[in-house]
Amino acid sequence: MKVNMKQWVADVIRQKEVLAVPVMTHPGIEMNGNTVKEAVSDGRVHAEAVKTLTKRYPSAAACTIMDLTTEAESFGAQIAFSDIAVPAVSSRLLPDVESIYRLQVPSLSVGRIPAYIKANLLAVRSVTERPVFSGCIGPFSLAGRLYDMSEIMVLIYEHPEAAHTLLEKCTEFIEKYCLALKATGANGVMMAEPAAGLMSNEDCKQFSSQYVKRIVDKVQDDSFIVILHNCGNTGHCTEAMVATGAAAYHFGNKCKMEEVIKDVPPTALAMGNIDPVSVFKDGTPDEMKLAVWNLLGKMHDYPNFVLSSGCDTPPHTPSANVDAFFEALEEYNKR
């Protein structure tokens with residue numbers, strides 16, 4: 001769908017009704033009778049899941065899978081796959097500081113990157129009535145998956161120069177990947193940077209935001225926006241998130257949406273933050289409706305709010321709960 005995304009953001013803010021963009025692909029995978037492993041490996045299966053959900057739900061935009069292993073796999077990380085769970089990095093790729101300097105930035109032809117580019121291309125072709133958002137990992141979260149998450153928290157203090165070298169390489173690759181996703185015709189990318197929430201606001205600026213901003217400055221324009229997702233943020237690093245200049249910010253359920261939205265510019269979207277596990281996956285439809293109504297009530301005074309899940313809705317999320325999510329929003333908008 002060809003659309004001016006700056007205008008789209010402005011239109012979302014201006015209209016009276018609250019819109020919803022849950023980060024959601026797994027329910028569509030299951031509706032189509034496919035496994036998680038099939039969807040994260042086969043671009044056609046992936047795109048069909050996006051298409052199925054678009055037909056069923058009035059989301060304001062379609063989202064592809066939030067997979068935090070694709071880019072790490074391209075660098076050479078070992079990935080554990082499952083038919084019923086999201087992929088995971090199974091072992092540390094970079095064992096020491098010296099290995100950071102030897103690390104090569106891969107091409108986009110390695111691993112499952114081509115399958116994800118194909119998924120986006122097919123999704124854009126089939127979803128023509130609303131924007132399509134790609135997905136990618138953020139620089140610090142990628143660095144943590146390559147070096148080990150707990151180890152990189154030590155690295156930034158003991159060897160900050162090495163940490164910045166690793167982040168430079170991660171940023172170079174993500175930038176290339178985002179440009180390729182943009183070339184498919186996608187309207188934006190949701191960049192998942194949850195590991196940045198483990199740092200203080202100042203460290204987040206230094207080891208995440210400045211690199212995210214570099215990508216934003218390169219890829220964001222009238223036709224393509226960056227949505228920065230950080231479900232690790234409890235409210236302490238919203239300022240650092242906003243310093244990236246992204247067009248939208250996506251928050252997890254660890255924070256109070258009514259507090260973090262105060263730090264988001266009124267011209268940018270603030271998206272979130274229904275719990276993807278305790279409500280979407282493990283809750284009941286009645287609990288979902290209550291959670292949506294409670295959140296919408298708190299967000300009443302913020303026209304830049306977009307209702308969403310707090311993170312990617314996991315495998316085995318009951319469709320009845322997704323139905324209830326959109327039913328509650330419809331009821332609220334008709335009040």
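This write-up is about the structure you can find in this document. Being a predicted model, the structure only gives us computed values, none of them experimental.

1. Concerning the pattern of salt bridges
Going through the model one piece at a time under the given rule, you end up with 17 salt bridges. Two residues, Glu 239 and Lys 205, come together in a salt bridge whose shortest N-O distance is 3.0 Å. Here Glu 239 is found in helix H12 (residues 238-242), whereas its partner Lys 205 is found in helix H11 (residues 201-219), with 34 residues between them in sequence. Exposure remark for Glu 239: the relative accessible area of 48% places this residue in the partly exposed category. The partly exposed category is assigned to Lys 205, whose relative accessible area is 25%. Between Lys 213 and Asp 217 there is a salt bridge, with its nearest N and O atoms 2.9 Å apart. Taken together, the positions of Lys 213 and Asp 217, both in helix H11 and four residues apart, correspond to about one turn of that helix. Each of Asp 67, Glu 73 and Arg 112 takes part in salt bridges that share partners, so that together they form one network.

2. Notes on the packing of aromatic side chains
For the structure shown, the criterion picks out seven aromatic pairs. Judged by centre distance (5.2 Å) and plane angle (45°), the ring pair of Phe 280 and Phe 325 falls under tilted. Of this pair, Phe 280 sits in helix H14 (residues 276-281) while Phe 325 sits in helix H16 (residues 319-333); the two residues are 45 residues apart in sequence, bridging distant segments of the chain. Here Phe 280 and Phe 325 have matching classes, each one buried. Note on Phe 325 and Phe 326: the rings are 5.0 Å apart at their centroids and 85° apart in plane angle, and the pair reads as edge-to-face. Accessibility assignment for this pair places Phe 325 and Phe 326 in one class, buried. These aromatic residues form a ring-pair network of at least three members: Tyr 57, Phe 280, Phe 325 and Phe 326. Against the face of Tyr 147 rests Arg 92, its NZ or CZ located 4.4 Å from the ring centre.

3. Observations regarding the nonpolar core
Core analysis: the largest hydrophobic core is formed by 120 residues, its most contacted members being Trp 8, Leu 146, Leu 166, Ile 274 and Leu 307. With ten residues, helix H10 (residues 160-183) is the single largest residue contributor to this core. If sequence neighbours within four positions are ignored, Ile 274 has contacts with Val 279, Phe 280, Met 288, Ala 291, Val 292, Leu 295, Leu 307, Ser 308, Ser 309, Gly 310 and Phe 325.

4. Some details on the packing of helix H8 (residues 139-147) against H10
Packing of H8 against H10 leaves a shortest axis separation of 9 Å and a crossing angle of 115°. Like other packed secondary-structure pairs, H8 and H10 cross with a definite hand, here right-handed. Between H8 and H10, the contacting residues are Pro 139, Phe 140, Leu 142, Ala 143, Leu 146 and Tyr 147 on the first element and Leu 166, Leu 167, Cys 170, Thr 171 and Ile 174 on the second. Considering only residue class, the contact of H8 with H10 consists of ten nonpolar, one polar and no charged.

5. Thoughts on the packing of helix H15 (residues 285-298) against H16
As a packed pair, H15 and H16 sit with axes 8 Å apart at the nearest point and diverge in direction by 40°. Of the two possible hands of crossing, H15 and H16 adopt the one that is right-handed. Mapping the contact onto sequence places Pro 285, Met 288, Lys 289, Val 292, Trp 293, Leu 296 and Gly 297 in H15 and Ala 320, Asn 321, Ala 324, Phe 325, Glu 327, Ala 328, Leu 329, Glu 331 and Tyr 332 in H16.

6. Looking at the sheet that holds strand E1 (residues 62-63)
Taken in spatial order, the seven strands of this open sheet run E1-E4-E5-E6-E7-E8-E9, and their pairing is parallel. Bordering the open sheet on either side are E1 and strand E9 (305-309), each of which pairs with just one other strand. Looking at chain direction, strand E7 (residues 248-251) and strand E8 (residues 269-274) are connected through three bridges and run parallel. In the sheet register, Tyr 249 faces E8, and the bridge partner there is Ala 270.

Parameters at a glance
Residues numbered from 1 in each chain as written. Predicted model: local features only at pLDDT ≥ 70, side-chain atom pairs only at ≥ 80, totals over all residues. Heavy atoms only, no water. Salt bridge = Lys/Arg side-chain N within 4 Å of Asp/Glu carboxyl O. Helix = DSSP H or I, 4+ residues; strand = E, 2+ residues; numbered from the N terminus. Buried < 20%, exposed > 50% of the residue type's maximum accessible area, 1.4 Å probe, protein only. Phe/Tyr/Trp six-rings, centres within 6.5 Å; stacked < 30°, edge-to-face > 60°. Lys NZ or Arg CZ within 6 Å of the ring centre and 35° of its normal. Core = buried A, V, L, I, M, F, W, Y, C linked by side-chain atoms within 4.5 Å. Contact = heavy atoms within 4.5 Å. Axes fitted to C-alpha atoms, helices over the stretch in contact; angles between N-to-C directions. Left-handed = near helix turned anticlockwise from the far one by under 90°. Nonpolar A, V, L, I, M, F, W, Y, C, P; charged D, E, K, R; others polar. Pairing = 2+ DSSP bridges.

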